[in-house]
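Analysis of the macromolecular model
Each chain, written out:
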Amino acid sequence: MSDLHVIVMDMDGTLLNDNKEVSEYTKNVLRRQKEKGMKIGIASGRPILGVRRTVENLGLSDIIQFMVASNGAELYDVSDGEERGFFKLDVNTIFEIIDTYKHFDLNHYVYQGGDCYAVRNDSTIERAAKNNFLGIHLCDMRKEVTTPQSKLVLSTPPEKMSDVEKFYEAHKSEKYRAFKSQTDMFEFVHPELSKVYGIKYYCEKYGYDISKVIAFGDTTNDLEMVDECGVGVCMCNGTDDVKSVADIITEFSNDDDGLAKELEKLL
């Protein structure tokens with residue numbers, strides 16, 4: 001597969017193991033690919049500030065050349081420092097969603113500045129804040145969330161996730177789309193947005209077609225990039241919907257360097 005020029009990877013469940021770490025073996029595999037001339041990037045549901053802090057904290061700063069964050073709503077090009085924002089949810093839509101799903105009694109939050117803005121705290125928000133090196137700001141969101149946001153997250157206990165997904169399918173809106181991003185996170189974004197949007201922008205900037213990209217993911221918010229990139233790889237620990245569109249399913253999981261081992265086989 002020598003005609004591939006870009007490697008893009010989801011973070012949680014894909015590049016990172018379940019302890020939110022990246023092994024030295026995986027780092028070295030990625031460094032060798034970069035030395036060969038491959039462009040290497042992240043495509044995450046995490047906010048851009050969280051992605052940048054995580055990349056630095058994990059010792060990946062010498063490897064990662066671009067970061068697509070918030071499921072495609074944000075882009076940071078490391079080489080020239082360009083930052084771009086794309087489609088966001090307007091404030092009225094955010095609170096329309098909150099009202100529509102209020103009968104589930106779910107906690108909801110947005111990433112604003114350096115904090116998670118929420119009405120109340122819970123373990124999902126605490127984990128999201130910790131993983132992204134962010135604070136938690138508890139507030140009346142209708143008073144303090146007054147600008148468009150990259151996404152809205154519903155903190156959804158796993159036992160409620162199936163019901164929330166079914167409700168979404170029965171009550172879709174042209175104002176937004178939604179998906180499960182983790183076992184306890186259900187996210188809403190602008191209807192035109194996916195990780196593919198940010199990846200395409202980066203590729204076009206450097207003269208690459210998306211067919212030259214190999215993409216690694218594991219869950220529903222990775223579905224479009226795994227489907228539309230030149231080679232789509234789903235982790236063996238991934239969800240069935242992403243596996244169904246993948247060209248390749250890894251032999252090893254995210255806890256066993258599955259991404260790096262697949263790269264060594266392919267490139």
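Quick note: structure is the one above.
Description of the structure in this document. (Residues numbered from 1 in each chain as written. Predicted model: local features only at pLDDT ≥ 70, side-chain atom pairs only at ≥ 80, totals over all residues. Heavy atoms only, no water.)

Points about the side chain of lysine 151
Which entries qualify depends on this criterion: A helix here means a DSSP run of H or I that spans at least four residues, while a strand means a run of E at least two residues long, and both kinds are numbered starting from the N terminus. Polar contacts here mean pairs of N or O atoms no more than 3.5 Å apart (in protein, one a potential hydrogen donor and the other a potential acceptor; neighbouring residues in sequence count only if both atoms are side-chain atoms). We call two residues contacting when some pair of their heavy atoms lies within 4.5 Å.
Here lysine 151 lies in the loop between helix H5 (141–144) and strand E9 (152–155). Within polar-contact distance, the side chain of lysine 151 engages the side chain of glutamate 187 at 3.0 Å. Those residues in contact with lysine 151 that sit more than four places away from it in its chain are Gly45, Arg46, Asn71, Leu89, Val110, Tyr111, Glu187, Phe188 and Val189.

Considerations on the pairing of strand E8 (residues 135–138)
Which entries qualify depends on this criterion: In this scheme, strands are said to pair when DSSP sees at least two bridges between them. Throughout, right-handed denotes a crossover for which the path from the first strand over the helix to the second runs clockwise when the strands point away from the viewer.
Sheet topology note: the strand E7 (residues 115–118)/E8 ladder contains four bridges and is parallel. Note on E8: the bridge partner recorded for tyrosine 117 is histidine 137. In this fold, the crossover linking E7 to E8 by way of helix H4 (residues 123–131) has right-handed handedness.

A look at the side chain of asparagine 17
Counted only if it meets this: Note on exposure labels: buried denotes an accessible area under 20% of the residue type's maximum, exposed denotes more than 50%, and partly exposed covers the range between, all computed with a 1.4 Å probe on protein chains only.
Turning to its location among the elements, asparagine 17 is positioned in the loop between strand E1 (6–9) and helix H1 (24–35). By relative accessible area, which is 16% here, asparagine 17 ends up buried.

A few points about the sheet that holds strand E10 (residues 177–182)
Keep this limit in mind: Between N-to-C directions, angles span 0 to 180 degrees; the directions come from axes that are lines fitted to C-alpha atoms, helices contributing only their stretch in contact.
Ordered by their spatial adjacency, six strands build an open sheet running E8-E7-E6-E9-E11-E10, and the pairing between neighbours is mixed. Taken across any chain shown, the strands that pair with only one partner, and hence form the sheet edges, are E8 and E10. Adjacent strand axes in the sheet meet at a mean angle of 30° when their direction is disregarded. On the sheet, H4 packs against strand E6 (107–112), E7, E8, E9, E10 and strand E11 (185–189) and is oriented at approximately 15° with respect to E6. Against the sheet, helix H6 (residues 158–170) touches E10 and E11, its axis set at about 25° to E11.

Looking at the packing of H1 against helix H10 (residues 258–266)
Quick note on the threshold: Note on convention: near helix rotated counterclockwise from far helix by under a right angle means a left-handed crossing. Clockwise means right-handed.
Two numbers describe how H1 lies on H10: the axes approach to 9 Å, and their chain directions differ by 35°. Crossing handedness for the pair H1 and H10: left-handed. Contacts between H1 and H10 involve Tyr25, Thr26, Val29, Leu30, Arg32 and Gln33 from the first element and Leu259, Ala260, Lys261, Leu263 and Glu264 from the second.

Points about the sheet that holds strand E12 (residues 213–217)
If you trace the eight strands from one edge of the open sheet to the other, you get E5-E4-E3-E2-E1-E12-E13-E14, paired in mixed fashion. A strand with exactly one partner marks an edge of an open sheet, and here the two such strands are strand E5 (83–85) and strand E14 (248–249). Sheet topology note: the strand E2 (residues 39–43)/strand E3 (residues 66–69) ladder contains three bridges and is parallel. Across the sheet, the residue bridging to alanine 43 is valine 68, located in E3.

Let's talk about the packing of aromatic side chains
Cut-off, in case you're wondering: Note on ring pairs: Phe, Tyr and Trp rings are taken, using the six-membered ring of Trp, and paired if centres are within 6.5 Å. Classes follow the plane angle, with under 30 degrees stacked, over 60 edge-to-face and the rest tilted.
Under the counting rule described, the total for this entry stands at 14 aromatic pairs. Seen in terms of ring centroids, phenylalanine 104 and phenylalanine 167 are 5.4 Å apart; in terms of plane orientation they differ by 80°. Their pairing is edge-to-face. With phenylalanine 104 in the loop between helix H3 (91–100) and E6 and phenylalanine 167 in helix H6, the pair connects residues that are 63 residues apart, well separated along the chain. An aromatic cluster is present here, built from Tyr101, Phe104, Phe167, Tyr168, Tyr176, Phe186 and Phe188 joined pairwise through their rings.

What about helix H2 (residues 48–57)?
Two residues of an α-helix separated by three or four positions point the same way, owing to the 3.6 residues in each turn. Just so we agree on the cut-off: Regarding the arc, it is the one traced by the directions from the helix axis to the C-beta atoms.
For H2, every residue scored as buried is listed here: Ile48, Gly50, Val51, Thr54 and Val55. Mapping the buried residues of H2 onto a view down its axis gives an arc of 160°, with all of them on the same face. Away from its buried face, by an angle of more than 90 degrees, H2 presents the exposed residues Glu56 and Asn57. In the core, the buried residues of H2 are packed alongside E2, E3, strand E4 (74–77) and H4. Among the residues trailing H2, glycine 59 stands out with phi positive, at a value near 75°.

Structural notes on the nonpolar core
Threshold: Here, nonpolar core means buried Ala, Val, Leu, Ile, Met, Phe, Trp, Tyr and Cys residues that are tied together by side-chain atoms lying within 4.5 Å of each other.
Among the nonpolar cores identified, the biggest contains 32 residues, and Met9, Leu15, Ile64 and Phe216 are the most heavily contacted of them. Element by element, the count of residues in this core is highest for H10, at four residues. The residues contacting methionine 9, other than those within four sequence positions of it, are Leu15, Leu30, Ile40, Gly41, Ile42, Ala43, Ile64, Phe216 and Leu259. Tyr101, Leu154, Phe167 and Tyr168 belong to the second largest nonpolar core, which has 24 residues in total.

It is worth stressing that arrangement in space is one thing and function is another; only the former is reported here.
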